Amino acid sequence: MRFIQIIEYRTSRIDEFNALLDSWVEKNAGNRLASRALQTRDRDGDNVYLDIVEFPSYEVAMANSDRPETAEFAARVAALCDGPPVFRNLDLLEERTFQD
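Residues numbered from 1 in each chain as written. Predicted model: local features only at pLDDT ≥ 70, side-chain atom pairs only at ≥ 80, totals over all residues. Heavy atoms only, no water.

**Q** Summarise the nonpolar core; cite the residues concerned and give the values.
**A** One finds Tyr9, Ile14, Phe17, Leu20, Phe55, Phe73 and Val77 to be the most contacted residues of the largest nonpolar core, which totals 15 residues. At the level of secondary structure, the elements contributing two or more residues to this core comprise strand 1 (3-10), helix 1 (14-27), strand 3 (48-55) and helix 3 (68-78). In terms of residue count, helix 1 provides more of this core than any other element does, four residues in total. Aside from chain neighbours lying at most four places away, what touches tyrosine 9 is Ile14, Phe17, Gln39, Asn47, Val48, Tyr49, Asp51, Cys81 and Pro85. (Core = buried A, V, L, I, M, F, W, Y, C linked by side-chain atoms within 4.5 Å. Buried < 20%, exposed > 50% of the residue type's maximum accessible area, 1.4 Å probe, protein only. Helix = DSSP H or I, 4+ residues; strand = E, 2+ residues; numbered from the N terminus. Contact = heavy atoms within 4.5 Å.)

This is the structure in structure tokens:
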């Protein structure tokens, strides 16, 4: 079953956050476990962002969390955030596409 993790965080340093993310993506080419990721900004909250990350399964997501590269990245981005992130762990039950 596909798995989605939503990570909500607040930062006034989004450019630095994204530079670090770009560096991590490049450094881990060929070794990333996520299927896709979306970065969103909350229109109603100042400096509030939500990343939506999809994995093939919960087990793959947890394997990703256990990787030293992930722990190092998480520590570095935490230093750029204005408080701890909030995680939501979701099993994807159904997907619908509404394009004609």
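That covers the picture; the talk isn't over yet.
**Q** Which residues make up the pattern of salt bridges, and what values do they have?
**A** One pass over the structure, following the stated rule, counts seven salt bridges. For glutamate 8, the salt bridge goes to arginine 88, with nearest N and O atoms at 3.3 Å. With glutamate 8 in strand 1 and arginine 88 in strand 4 (residues 86-91), this residue pair connects regions lying 80 residues apart in the sequence. Its relative accessible area of 26% is what places glutamate 8 among the partly exposed residues. Judged by relative accessible area, which is 38%, arginine 88 ranks as partly exposed. Put simply, Arg2, Arg36, Glu54 and Glu95 are held in one network by salt bridges that share partners. (Salt bridge = Lys/Arg side-chain N within 4 Å of Asp/Glu carboxyl O.)

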